[in-house]
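# Coordinate analysis (summary)
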Amino acid sequence: REDPLTQQATKMAEVDPRDPFGHIAHEFKCIDANGDGFLSEDELFSGLQERCWGQDELSGLFEKLDTNKDGKISLEEFIEGISGGAMSKKLSAESKNSLGMPLAGFGCYQLSEEQAESAVCEALKAGFRHIDSAEAYQNETGVGKGIKASGVPREEIFITTKVMPGYAAWNMPEKGYDETIAACKKSLEQLQIDYCDLYLIHAPLASTRVDIWKACVELKRQGLAKHIGVSNYLPEHFAEIKEAGLEQPEANQIEMHPLCQQKELSKFMTQSGIVPIAYSSLATMSSWRAEADQGGDKTASLKEECQKVQKEVSDRIGKPEAAMLLRWGLQMGYAVLTKSVNPERIKANLDIFTFEIPESDMAALAVCDKQTPVAWTAAGFDGGVQNVSVAVTAKAAE
């Protein structure tokens, strides 16, 4: 049974256009320490201080949100205040979600070891404090060298890495419990760190994924991962974990951009208290994965209509298309990931906290949604990794 606040948040998320995916309601739940459905001044300030709000930013905020003047903030007041702009200008490069993850992250996919070393170093020097890596990227030694070369203290960086579970079609043996523990330790060694801030199962491709998740829970218990989660998971995959009586994932990293807004999955994640992290935020751009053998040409025809709207919005707000798309993700309530090997572009991709996309343009982008994933299609999975994972689930059940 859902608790009353979850029921209320779910109901509001379904009917309230101010919070269509329920992200504001989820944030309310994270801050509501005693779970009574209201925020005291202490709860509001403590919750926002964990997200790097300063005293000057907090000054007067409780009074603004407490429109009933009864000394507490209801979910309705919170949604009204936040959607009305009470917090919209507070996002900065230091802003974090409920995991303590900076909202702007630097990804390492399709980088060589040498590129990863130089790009990660440049990203950290530019101000990024969130690095997204993975076993499958085969460049974690370079990522680790880049982190060391940057001179940024380890405790200031949020580092994510992922275990590749295995996939028979790629002739990759499926991992089990022991192999997952070993894979994490190898990643930590290559990254030259003692722990990761977030450890994810890269995709639900292996029939052994429940055993892999058991290993993730153990890695968290041992302190080798502060937080654990998954990537590319659907509700049925979360149900497997719940049925096994295991701790639920704290995060789900999924493809999200105007062409693939994941509305139903986002709603499910909000109801379940699972933090959303967006990858391939720039997938709808014509320049996305445009180099030879990166696969971007496979999805070009899918994006033409969306690209017209994106250009119109970018022109209206006077910002580059990439910055606009990353900002779109922030305003939707996600942490976003970007990547470049160009130092100037790396800096430009962090310049997403100095402007906002007007509600009218957010509405125009909302219409672009076709629930069409393109990232894994570019990698050879027609229809996205979710279709593959569903097929794997069906085969495992036979």
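Figured I'd write up the structure that's included with this text. (Residues numbered from 1 in each chain as written. Predicted model: local features only at pLDDT ≥ 70, side-chain atom pairs only at ≥ 80, totals over all residues. Heavy atoms only, no water.)

### What about helix α14 (residues 321–332)?
Taking 1.5 Å of rise per residue, 12 residues should cover 16 Å, and α14 covers 16 Å from first to last C-alpha, within 8% of that figure. The element α14 is largely enclosed, with a buried count of 10 among its 12 residues. Of all the positions in α14, only A322, A323, M324, L325, L326, R327, W328, G329, L330 and M332 are classed as buried. (Helix = DSSP H or I, 4+ residues; strand = E, 2+ residues; numbered from the N terminus. Expected span 1.5 Å × (residues − 1). Buried < 20%, exposed > 50% of the residue type's maximum accessible area, 1.4 Å probe, protein only.)

### Looking at the packing of helix α13 (residues 304–317) against helix α16 (residues 359–366)
When two helices pack together, their arrangement is given by the angle between the helix axes and by the axis-to-axis distance. Direction vectors running N to C along α13 and α16 enclose 170°, while the axes themselves pass 10 Å from each other. Regarding the angle of α13 to α16, the classification is roughly antiparallel. Within the contact between the two elements, α13 uses V309, Q310, V313, R316 and I317 and α16 uses D361, A364 and L365. (Axes fitted to C-alpha atoms, helices over the stretch in contact; angles between N-to-C directions. Parallel < 35°, antiparallel > 145°, perpendicular 65-115°, else oblique. Contact = heavy atoms within 4.5 Å.)

### What to know about the side chain of T338
Along the polypeptide, T338 turns up in strand β10 (residues 335–338). A polar atom in the side chain of T338 sits 3.0 Å from the side chain of N349. With residues up to four places along the chain from it excluded, the contact list for T338 reads G105, F106, G107, F128, L282, L326 and N349. (Polar contact = N/O pair within 3.5 Å; in protein donor to acceptor, adjacent residues only side chain to side chain.)

### So, the sheet that holds strand β3 (residues 104–107)
Spatial strand order, β3-β4-β5-β6-β7-β8-β9-β10: 8 strands in a closed barrel with parallel pairing. Sheet twist, expressed as the mean angle between neighbouring strand axes with direction ignored, is 30°. Sheet analysis places strand β9 (residues 275–279) next to β10, joined by 2 bridges and oriented parallel. Paired with A278 across the strands is V336, a residue of β10. (Pairing = 2+ DSSP bridges.)

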